[in-house]
Amino acid sequence: MEGGVIRGGAADAVKGGIIAKRWCAACHLVSPDQTQANSDAPSFAAIARKKPSSKQLTAFLTDPHPKMPDMNLTRSEIADIVAYIGTLDR
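Quick look at the structure, then.

The rules behind the values
- Residues numbered from 1 in each chain as written.
- Predicted model: local features only at pLDDT ≥ 70, side-chain atom pairs only at ≥ 80, totals over all residues.
- Heavy atoms only, no water.
- Helix = DSSP H or I, 4+ residues; strand = E, 2+ residues; numbered from the N terminus.
- Buried < 20%, exposed > 50% of the residue type's maximum accessible area, 1.4 Å probe, protein only.
- Contact = heavy atoms within 4.5 Å.
- Areas by Shrake-Rupley, 256 points an atom, 1.4 Å probe, with all protein chains shown as cover.
- Polar contact = N/O pair within 3.5 Å; in protein donor to acceptor, adjacent residues only side chain to side chain.
- Axes fitted to C-alpha atoms, helices over the stretch in contact; angles between N-to-C directions.
- Parallel < 35°, antiparallel > 145°, perpendicular 65-115°, else oblique.
- Nonpolar A, V, L, I, M, F, W, Y, C, P; charged D, E, K, R; others polar.
- Core = buried A, V, L, I, M, F, W, Y, C linked by side-chain atoms within 4.5 Å.

**What to know about the overall build of the protein**
So, point 1. For the protein, the helix and strand inventory stands at four helices and zero strands.
So, point 2. Going from the N terminus to the C terminus, the protein shows its helices and strands as α-α-α-α.
So, point 3. Across the 90 residues that make up the protein, the buried fraction comes to 36%.
So, point 4. For the protein, contacts bridging at least 24 residues in sequence account for 52% of all contacts bridging at least 6.
So, point 5. Carbon and sulfur atoms make up 54% of the accessible area of the protein, which totals about 6,200 Å².

**As for the side chain of Gln34**
So, point 1. Tracing the backbone through its elements, the reader meets Gln34 in the loop between helix H1 (13-23) and helix H2 (44-49).
So, point 2. For Gln34, the side chain forms a polar contact with the main-chain oxygen of His28, separated by 3.0 Å.
So, point 3. Residues in contact with Gln34, not counting those within four places in the same chain, are Ala25, His28 and Leu29.

**Structural notes on the packing of H1 against helix H4 (residues 75-87)**
So, point 1. Relative to each other, H1 and H4 sit at 100 degrees, their axes nearing to 7 Å. The orientation of H1 with respect to H4, classified from their angle, is roughly perpendicular. On the side of H1, the interface is formed by Ala13, Lys15, Gly16, Gly17, Ile19 and Ala20, while H4 contributes Glu77, Asp80, Ile81, Ala83, Tyr84 and Thr87.
So, point 2. Taken together, the residues of the contact of H1 with H4 break down into six nonpolar, three polar and three charged.

**Structural notes on the nonpolar core**
So, point 1. Counting residues in each nonpolar core, the largest one holds 17 residues, and the members touching the most others are Ala20, Val30, Phe44, Leu61, Ile81 and Ile85.
So, point 2. Every element with two or more residues in this core is listed here: H1, H2, helix H3 (54-62) and H4.
So, point 3. Considering each element in turn, this core owes the most residues, five residues, to H4.
So, point 4. Discounting chain neighbours no more than four positions away, the residues touching Ala20 are Ala25, Val30, Phe44 and Tyr84.

Honestly, that's just the spatial picture; any functional story needs more than this.
Following this line, the structure appears as C-alpha coordinates:
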(Lines give C-alpha, C1' and ligand atoms only; values in the text may rest on other atoms or scores of the structure.)
Protein backbone atom coordinates (compact mmCIF):
# COMPACT_ATOMS: atom_id res chain seq x y z
CA MET A 1 0.00 0.00 0.00
CA GLU A 2 1.29 3.41 -0.88
CA GLY A 3 -0.30 6.70 0.16
CA GLY A 4 -3.60 5.03 1.07
CA VAL A 5 -3.93 3.40 -2.35
CA ILE A 6 -3.71 -0.36 -2.67
CA ARG A 7 -1.31 -0.96 -5.56
CA GLY A 8 -2.24 -3.60 -8.09
CA GLY A 9 -5.91 -2.68 -7.91
CA ALA A 10 -8.25 0.23 -8.19
CA ALA A 11 -9.23 0.34 -4.50
CA ASP A 12 -8.39 3.58 -2.71
CA ALA A 13 -8.34 3.42 1.10
CA VAL A 14 -8.39 7.21 1.45
CA LYS A 15 -11.60 7.42 -0.59
CA GLY A 16 -12.93 4.47 1.43
CA GLY A 17 -12.37 6.40 4.66
CA ILE A 18 -14.26 9.37 3.26
CA ILE A 19 -17.16 7.16 2.17
CA ALA A 20 -17.20 5.38 5.54
CA LYS A 21 -17.30 8.66 7.46
CA ARG A 22 -20.14 9.88 5.27
CA TRP A 23 -22.34 6.76 5.14
CA CYS A 24 -21.26 4.36 7.90
CA ALA A 25 -20.38 6.57 10.87
CA ALA A 26 -24.00 6.97 11.98
CA CYS A 27 -23.87 3.37 13.22
CA HIS A 28 -20.20 2.24 13.23
CA LEU A 29 -17.06 3.72 14.73
CA VAL A 30 -15.17 4.13 11.49
CA SER A 31 -12.10 6.06 12.61
CA PRO A 32 -9.98 6.40 15.75
CA ASP A 33 -11.12 10.00 16.31
CA GLN A 34 -14.85 9.17 16.27
CA THR A 35 -16.38 9.03 19.76
CA GLN A 36 -20.00 7.92 19.27
CA ALA A 37 -21.78 5.17 17.37
CA ASN A 38 -24.46 2.53 17.77
CA SER A 39 -23.32 0.05 20.41
CA ASP A 40 -24.83 -2.83 18.41
CA ALA A 41 -22.67 -2.14 15.35
CA PRO A 42 -19.06 -3.33 15.37
CA SER A 43 -16.33 -0.75 14.90
CA PHE A 44 -14.39 -0.89 11.66
CA ALA A 45 -11.24 -1.56 13.71
CA ALA A 46 -12.92 -4.60 15.34
CA ILE A 47 -13.92 -5.84 11.90
CA ALA A 48 -10.33 -5.37 10.68
CA ARG A 49 -8.93 -7.30 13.67
CA LYS A 50 -11.05 -10.32 12.69
CA LYS A 51 -9.05 -10.33 9.44
CA PRO A 52 -11.85 -11.12 7.00
CA SER A 53 -10.71 -11.52 3.43
CA SER A 54 -11.39 -8.77 0.92
CA LYS A 55 -13.72 -11.19 -0.80
CA GLN A 56 -15.72 -11.76 2.42
CA LEU A 57 -16.06 -8.03 3.13
CA THR A 58 -17.00 -7.29 -0.46
CA ALA A 59 -19.69 -9.99 -0.41
CA PHE A 60 -21.07 -8.66 2.88
CA LEU A 61 -21.22 -5.06 1.67
CA THR A 62 -22.77 -6.14 -1.62
CA ASP A 63 -25.61 -7.93 0.17
CA PRO A 64 -25.86 -6.36 3.66
CA HIS A 65 -27.62 -7.98 6.61
CA PRO A 66 -31.18 -6.93 7.55
CA LYS A 67 -30.19 -4.40 10.25
CA MET A 68 -27.87 -2.63 7.85
CA PRO A 69 -29.49 -0.31 5.31
CA ASP A 70 -28.85 -0.96 1.65
CA MET A 71 -26.68 2.00 0.69
CA ASN A 72 -26.60 0.98 -2.98
CA LEU A 73 -22.83 1.35 -2.99
CA THR A 74 -21.03 0.94 -6.30
CA ARG A 75 -18.43 -1.79 -6.72
CA SER A 76 -15.74 0.86 -6.65
CA GLU A 77 -17.08 2.36 -3.39
CA ILE A 78 -17.23 -1.10 -1.83
CA ALA A 79 -13.65 -1.82 -2.89
CA ASP A 80 -12.56 1.51 -1.40
CA ILE A 81 -14.30 0.79 1.94
CA VAL A 82 -12.76 -2.70 2.04
CA ALA A 83 -9.33 -1.15 1.41
CA TYR A 84 -9.94 1.37 4.19
CA ILE A 85 -10.94 -1.33 6.68
CA GLY A 86 -7.73 -3.14 5.76
CA THR A 87 -5.69 -0.15 6.95
CA LEU A 88 -7.24 -0.32 10.44
CA ASP A 89 -5.67 -3.66 11.43
CA ARG A 90 -2.72 -2.20 13.30
